Amino acid sequence: LFTNSELPHSTNNEGNTLYTIPVVVHVFHNDGDENISKAQVLDAIRVLNDDFNRTNSDTANTRSIFKPIAADVQVQFELAKIDPNGNCTDGIVRVRTPKTEGADDDIKLLSSWDNDKYLNIYVVRSINNFGNAGTILGYAYYPSYNQYFQQNGVMMRHDVMGSIGTSATSGFNNGGRTLTHEVGHY
């Protein structure tokens, strides 16, 4: 995965190093509402950054056991600006496929960028729960060096990405925090 020397970084006002993680969001859709807007993608990245940098408006609600260690982790997530071929990109890839319904790791065969250089987020209509009870909102594998690409990145349902668009009307709305939770695993 990334090493600190490979990540774009800058120094903030406090003199700490801020590392930028380039993100690519693969939106798998079948012309339905799972083809979320760029605004919804940007909102999801905003929520992710607010949570990881502890600039979210509800930090006062942090459980007391975690307050002494809660911190800005000095990581910024940003949609990729350059694709793997060196071309300009907005960091969003859209792929039309019926596989967006009941998706699993196989959907990553349709679009995946080098996980040594990008955090891949895969957005689908629904996730296969393999016959188990309940609904899977998202999942991630712990990363490892030279990881098989089908185990790379974060898989997310469209209706929990960010806090606007399809997420705002979802019964699973949690303010966009599912992505924060899954990136925490990753």
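See above for the structure.
This text gives an overview of the structure that appears in the document. Computed from a predicted structure; not experimentally measured.

1. Observations concerning the overall build of the protein
Thought 1: Of regular secondary structure, the protein possesses 2 helices and 7 strands.
Thought 2: Reading the protein from its N end, one meets helices and strands in the order β-β-α-β-β-β-β-β-α.
Thought 3: When each of the 186 residues of the protein is scored for burial, the buried share is 45%.
Thought 4: For the protein, the exposed surface amounts to about 9600 Å²; the carbon and sulfur share of it is 50%.

2. Focus: the pairing of strand E7 (residues 154–157)
Thought 1: Taking every second residue as pointing to the same face, both faces of E7 are buried, with Val154 and Met156 on one and Met155 and Arg157 on the other.
Thought 2: Of the pairings in the sheet, the one linking strand E5 (residues 119–124) to E7 comprises 4 bridges and is parallel in character. Residue valine 124 lies in a different strand from E7, and its bridge partner there is arginine 157.
Thought 3: Strand direction decides the pairing type here: strand E6 (residues 138–140) and E7, joined by 3 bridges, are antiparallel. Bridge pairing in E7 places tyrosine 139 opposite methionine 155.

3. Re the packing of aromatic side chains
Thought 1: In this structure the tally under the stated criterion is 4 aromatic pairs.
Thought 2: The interplanar angle of 75° and the centroid separation of 5.1 Å between the aromatic rings of phenylalanine 52 and phenylalanine 77 together place this pair among those described as edge-to-face. With phenylalanine 52 in helix H1 (residues 38–52) and phenylalanine 77 in strand E3 (residues 75–79), this residue pair connects regions lying 25 residues apart in the sequence. In this structure, phenylalanine 52 and phenylalanine 77 share a single accessibility class: buried.
Thought 3: For the ring pair tyrosine 139 and tyrosine 141, a centre distance of 6.0 Å and an interplane angle of 90° mean the geometry is edge-to-face.
Thought 4: Taking the relative accessible area as the measure of exposure, tyrosine 141 reaches 27% and is therefore partly exposed.

4. So, the pairing of E5
Thought 1: Within E5, 6 of the 6 residues are buried, leaving the element largely enclosed by the surrounding structure.
Thought 2: Pairing of strand E2 (residues 17–29) with E5 involves 5 bridges; the strand directions are parallel. Considered in E5, the bridge of valine 24 is made with asparagine 120.

5. A closer look at the packing of H1 against helix H2 (residues 177–185)
Thought 1: Packing of H1 against H2 leaves a shortest axis separation of 8 Å and a crossing angle of 60°. If you check the angle between H1 and H2, you find them oblique. Judged by the sense of rotation from one axis to the other, the crossing of H1 with H2 is right-handed. Where H1 approaches H2, its residues Ala44, Val47, Leu48, Asp51 and Phe52 are matched on the opposing element by Arg177, Leu179, Thr180, Val183 and Gly184.
Thought 2: Class assignment of the residues belonging to the contact of H1 with H2 gives a composition of 6 nonpolar, 2 polar and 2 charged.

6. Considerations on a nonpolar patch on the surface
Thought 1: A cluster of nonpolar side chains, Ile65, Phe66 and Ile69, forms an exposed patch at the surface whose accessible area comes to about 340 Å².
Thought 2: Topologically, isoleucine 65 is positioned in the loop between H1 and E3.
Thought 3: Residue classification places isoleucine 65 among the exposed residues on the basis of a relative accessible area of 59%.

7. Section: the pattern of salt bridges
Thought 1: Under the criterion given, the structure shown has 12 salt bridges.
Thought 2: Of the charged contacts, one joins glutamate 34 and arginine 125 as a salt bridge, the two residues approaching to 2.8 Å between their closest N and O atoms. Placement of glutamate 34 in the loop between E2 and H1 and of arginine 125 in the loop between E5 and E6 is noted, with a sequence separation of 91 residues between them.
Thought 3: Taking relative accessible area as the criterion, glutamate 34 reaches 2% and is therefore assigned buried.
Thought 4: Put simply, aspartate 58 and arginine 177 hold a salt bridge, and the shortest N to O gap is 2.9 Å. Note that aspartate 58 is positioned in the loop between H1 and E3 and arginine 177 in helix H2, a separation of 119 residues in sequence.
Thought 5: Classification of arginine 177 as partly exposed rests on a relative accessible area of 29%.
Thought 6: Linked by salt bridges that have partners in common, Asp33, Glu34, Glu101 and Arg125 make up one network.

Procedures and definitions
Residues numbered from 1 in each chain as written. Predicted model: local features only at pLDDT ≥ 70, side-chain atom pairs only at ≥ 80, totals over all residues. Heavy atoms only, no water. Helix = DSSP H or I, 4+ residues; strand = E, 2+ residues; numbered from the N terminus. Buried < 20%, exposed > 50% of the residue type's maximum accessible area, 1.4 Å probe, protein only. Areas by Shrake-Rupley, 256 points an atom, 1.4 Å probe, with all protein chains shown as cover. Pairing = 2+ DSSP bridges. Phe/Tyr/Trp six-rings, centres within 6.5 Å; stacked < 30°, edge-to-face > 60°. Axes fitted to C-alpha atoms, helices over the stretch in contact; angles between N-to-C directions. Parallel < 35°, antiparallel > 145°, perpendicular 65-115°, else oblique. Left-handed = near helix turned anticlockwise from the far one by under 90°. Contact = heavy atoms within 4.5 Å. Nonpolar A, V, L, I, M, F, W, Y, C, P; charged D, E, K, R; others polar. Patch = residues over 30% accessible without salt bridge, like charges linked within 9 Å, V, L, I, M, F, W, Y side chains within 5 Å. Salt bridge = Lys/Arg side-chain N within 4 Å of Asp/Glu carboxyl O.

It is worth stressing that arrangement in space is one thing and function is another; only the former is reported here.
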